[in-house]
Amino acid sequence: MRLVLALMAALTLTACGGIRDDLTESPAPIGNFLLGHNVAVVNDPVRGPFSRPAENDAWQEAMRTAVADRFNETRFFGDTYYHIGVAVEGYVLAYPGVPLVYSPKSVLIFTVNFFDDKTQTKLHDEAIRLTVFEPCCSVPFLGSGFTRSAEEQMEGLSFNAARAIERTMRQNADWFGGIPEELEADDTILEGNVLVDNPELVAPEQQAPEGTIPTAAGL
């Protein structure tokens, strides 16, 4: 079993590499976008089922860091400041489960708003609500609870949240004086709140083999 877990973890990290490498690339501009204020609001978000706990301050720091890493002025250097405001609404930082049978997934649910600094107005009517899964969890039968700490899960989710924000911006690039893009679907990024709309994606109802018990050992 230990060997199987080690091999699965290696596969997971390999699958993650291509996504993580995107921060080393020089991205195409998004219209005139230049990051102004980077705001993250975390006010006791919903802690979903089978989740490790996390402090508000830790989520705020993780989100602000992820947004700053992705949208800093060395990557996007337009001539108009826009502000990004994120509010964390819910999360699951998955505990270890039973490999191949029951492996809950880690998710982050958040809303994002964009503001034009010149006009001091929001660029859209309603807050945009998104759910992201960890980009590293490409192996469906191995939850990240086996291979990652809660802090590492938060970092991965925040990283993917920033990716989701960039995708939203590119799909609506006219907000920033650019041309909207058509992007391929990404299974790790969904619209809406998965804990409400599709909770089985987080914790599918599965039965462990007789004699096995889901465990949180190793936390």
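Refer to the structure presented above.
Predicted model, so just to flag it, every value in this text is computed and none were measured.

Novice: Report on the pattern of salt bridges, specifying residues and quantitative values.
Specialist: For the coordinates displayed, the defined rule picks out eight salt bridges. A salt bridge links Glu166 to Arg70; its shortest N-O distance comes to 2.7 Å. Here Arg70 lies in helix α2 (residues 56–71) and Glu166 lies in helix α3 (residues 150–171), a separation of 96 residues in the sequence. For the residue pair Glu166 and Arg70, the accessibility class agrees, reading buried in each case. Two residues, Glu134 and Arg148, come together in a salt bridge whose shortest N-O distance is 2.9 Å. One end of the pair, Glu134, is in the loop between β5 (128–133) and α3; the other, Arg148, is in the loop between β5 and α3, and 14 residues separate them in sequence. Each of Asp22, Arg70, Glu166, Arg170 and Glu181 takes part in a single network of salt bridges with overlapping partners.

Novice: Residues and numbers for the environment of Phe33, please.
Specialist: Secondary-structure assignment places Phe33 in strand β1 (residues 33–47). Classification of Phe33 by relative accessible area gives buried; the value is 2%. Residues Phe33 and His83, 50 residues apart in the sequence, show an inter-C-alpha distance of 9.4 Å. Dropping the residues within four chain positions of it, Phe33 is found in contact with Phe71, Phe76, Phe77, Gly78, Thr80, Tyr82, Ile84, Met169 and Phe176.

Novice: Run through the pairing of strand β3 (residues 107–116), naming residues and quoting values.
Specialist: Two faces belong to every sheet, and in a regular strand the side chains alternate between them. Of all 10 residues in β3, nine are buried, a share of seventy percent or more. For strand β2 (residues 80–92) and β3, the ladder comprises 10 bridges, and the chain directions are antiparallel. Residue pairing across strands places Ala87 opposite Thr111, the latter belonging to β3. As judged from the six bridges shared by β3 and β5, these two strands associate in the antiparallel manner. The residue bridging Thr111 from the neighbouring strand is Arg129, located in β5. Where β3 and strand β4 (residues 121–122) come together, two bridges link them in antiparallel fashion. Within β4, the residue paired with Phe115 across the bridge is Lys122. What sits between β3 and β4 in their antiparallel hairpin is a turn of four residues, with Gln120 showing a positive phi close to 55°.

Novice: Please provide a residue-by-residue account of the packing of α2 against α3, values included.
Specialist: It is at 8 Å that the axes of α2 and α3 come closest, and there the two elements cross at 45°. One way to sum up the angle between α2 and α3 is to call them oblique. The handedness of the crossing between α2 and α3 is right-handed. Facing α2, whose interface residues are Ala58, Trp59, Ala62, Met63, Ala66, Val67, Arg70 and Phe71, α3 presents Met154, Leu157, Ser158, Phe159, Ala161, Ala162, Arg163, Ile165, Glu166 and Met169.

Novice: Requested: an account of the environment of Glu184, with residues and values cited.
Specialist: Tracing the sequence through the fold places Glu184 in the loop between α3 and β6 (189–191). With relative accessibility at 71%, the residue Glu184 sits in the exposed group. In this structure, the C-alpha to C-alpha distance between Glu184 and Arg167, residues 17 residues apart in sequence, is 9.9 Å.

Definitions and cut-offs
Residues numbered from 1 in each chain as written. Predicted model: local features only at pLDDT ≥ 70, side-chain atom pairs only at ≥ 80, totals over all residues. Heavy atoms only, no water. Salt bridge = Lys/Arg side-chain N within 4 Å of Asp/Glu carboxyl O. Helix = DSSP H or I, 4+ residues; strand = E, 2+ residues; numbered from the N terminus. Buried < 20%, exposed > 50% of the residue type's maximum accessible area, 1.4 Å probe, protein only. Contact = heavy atoms within 4.5 Å. Pairing = 2+ DSSP bridges. Axes fitted to C-alpha atoms, helices over the stretch in contact; angles between N-to-C directions. Parallel < 35°, antiparallel > 145°, perpendicular 65-115°, else oblique. Left-handed = near helix turned anticlockwise from the far one by under 90°.

Taken by themselves, the reported measurements are silent on function.
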